[in-house]
Amino acid sequence: MNEMTKLSIKDFETDQEVRWCPGCGDYAILKTVQRTMPELGVRPENVVFVSGIGCSSRFPYYMETYGFHTIHGRAPAVATGVKLANPDLDVWIITGDGDGLSIGGNHTMHILRRNLDCQILLFNNEIYGLTKGQYSPTSRVGTQSPSTPFGSVDRPARPAAFALGSGARFVARAYDISKQLGEVLKAAHAHKGASFVEIFQNCIVYNKDVFADFTEKKNADLGQLWLENGKPMLFAKGTKGLKLNLDHLHLEVVDVVDGDWEAANILVHDVRNRAMAHMLVEMPFGPFPMALGVLYDDPVATFDSAIVEQNTAVAKGKVADLQKLVSKGQTWTVKEPLHQL
């Protein structure tokens, strides 16, 4: 396959039987990723998908690329090794709310803090699907499950807020069947550094329709705020928007009359405004719509580029000599074979 070959979705589909529950949101995400890859201009042989443990973590089997199905929560560690070994590879991490925020929470935090150049897709279904429906770090208060039969009393983690708090320079949100998911993935790939994308995913068996209040078509107008850089924060077909209350420094939903959003003081989205991104991810759903799209995008130098630069500087003027390295310090020479007792 040469550089001039035009790729299609078929070039990123494997011959493996896709094995998720019928109706699972993972199917839609997989198809969107496979459909988007040719549009990114990447080659399958230069792409690596790394996953941990969970329903979402079967992903590498279904992508005609290189892949690693690793251990619970440790996908970021393996992905870091892959990227440092070959910085030219295009690395994607597939994880879930349990894998990435429970046992793997510290690994997710550190890869974001370090800013490794990769794309992190966190499938959030607010439940442990693979192990039969126990509550997860993102499950809502009151969630009844085998591990919380009387309802969860935990306050849930918010993945996008976690990512911002960990120092992420790119944070976005979408949902499994959203038409805009492909565009969000393109934006994440274009970002140089660690891109964090939370994807709300419907678990058809253990947490069915938990996001229906904003994902269903009948609820989309009032329930979704799709953000676009340089555009006003409008929803409900332009009849409502977000305004900043300067007296108390919090967001408010206000009506927009006759499309005059400027008169209503509607905020214009700026992807480099970190403080605003924090406010958007903390908005309680119900009184506010769900903020979707690219919330924050402000690149800085990446961890892998810094490592490469440092190694180049250290190696300058030196000659590689493995034998000298292993012989450095105390060494022993065994002249006689050991006698058996």
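Residues numbered from 1 in each chain as written. Predicted model: local features only at pLDDT ≥ 70, side-chain atom pairs only at ≥ 80, totals over all residues. Heavy atoms only, no water.

Draft legend 1. Representation of a nonpolar patch on the surface within the structure. Taken together, the side chains of Leu322, Leu325 and Val326 present a nonpolar region at the surface, about 330 Å² in accessible area. Among the secondary structure elements, leucine 325 is positioned in helix H11 (residues 322-326). Its relative accessible area of 57% is what places leucine 325 among the exposed residues. (Patch = residues over 30% accessible without salt bridge, like charges linked within 9 Å, V, L, I, M, F, W, Y side chains within 5 Å. Areas by Shrake-Rupley, 256 points an atom, 1.4 Å probe, with all protein chains shown as cover. Salt bridge = Lys/Arg side-chain N within 4 Å of Asp/Glu carboxyl O. Helix = DSSP H or I, 4+ residues; strand = E, 2+ residues; numbered from the N terminus. Buried < 20%, exposed > 50% of the residue type's maximum accessible area, 1.4 Å probe, protein only.)

Draft legend 2. Broad picture of the pairing of strand E11 (residues 290-297). Burial of E11 is extensive: eight of the eight residues sit out of reach of the surface. Summarising the sheet, strand E7 (residues 224-227) and E11 pair through four bridges and their orientation is parallel. Residue pairing across strands places leucine 225 opposite alanine 291, the latter belonging to E11. (Pairing = 2+ DSSP bridges.)

Draft legend 3. Region of interest: helix H6 (residues 181-190). What H6 keeps buried is the set Leu181, Gly182, Val184, Leu185, Ala188 and His189. The buried residues of H6 all sit within an arc of 160° when viewed along its axis, so they share a single face. Those residues of H6 that are exposed and aimed more than 90 degrees away from the buried face are Glu183 and Ala190. (Arc of directions from axis to C-beta.)

Draft legend 4. Region of interest: the environment of leucine 112. Inspection of the secondary structure assignment puts leucine 112 in helix H4 (residues 105-114). With relative accessibility at 0%, the residue leucine 112 sits in the buried group. Here the alpha-carbon distance between leucine 112 and serine 195, two residues 83 residues apart in the chain, equals 8.1 Å. Not counting chain neighbours up to four residues away, the residues in contact with leucine 112 comprise Ile120, Ala163, Ser166, Gly167, Ala168, Ala194 and Phe196. (Contact = heavy atoms within 4.5 Å.)

Draft legend 5. Quick peek at the pattern of salt bridges. Throughout the structure, instances matching the rule amount to 14 salt bridges. For glutamate 282, the salt bridge is made with arginine 158, and the minimal N-O distance between the two is 2.9 Å. Placement of glutamate 282 in the loop between helix H9 (274-281) and E11 and of arginine 158 in the loop between strand E4 (118-124) and helix H5 (159-165) is noted, with a sequence separation of 124 residues between them. The partner of arginine 169 in a salt bridge is aspartate 298, and the shortest N-O contact between them spans 3.0 Å. Linking arginine 169 in the loop between H5 and strand E5 (170-175) with aspartate 298 in the loop between E11 and helix H10 (303-315), this pair joins segments that are 129 residues apart in sequence. Using a relative accessible area of 19% as the deciding quantity, one classes arginine 169 as buried. One connected set of salt bridges, linked through shared partners, spans Lys10, Glu13 and Lys31.

Draft legend 6. Structural context of the sheet that holds E11. Taken together, the eight strands give an open sheet; going across it, the order is E2-E1-E3-E4-E6-E5-E11-E7, and neighbouring strands pair in mixed fashion. Edge positions in the sheet fall to strand E2 (66-69) and E7, since each of these pairs with one other strand and no more. Shown here is a sheet whose adjacent strand axes are inclined to one another by a mean of 20°, direction ignored. When strand E3 (residues 90-96) meets E4, the two strands line up parallel, connected through five bridges. Considered in E4, the bridge of glycine 96 is made with phenylalanine 123. On top of the sheet, H4 reaches E3, E4 and strand E6 (194-200); it is set at about 135° to E6, its chief contact. (Axes fitted to C-alpha atoms, helices over the stretch in contact; angles between N-to-C directions.)

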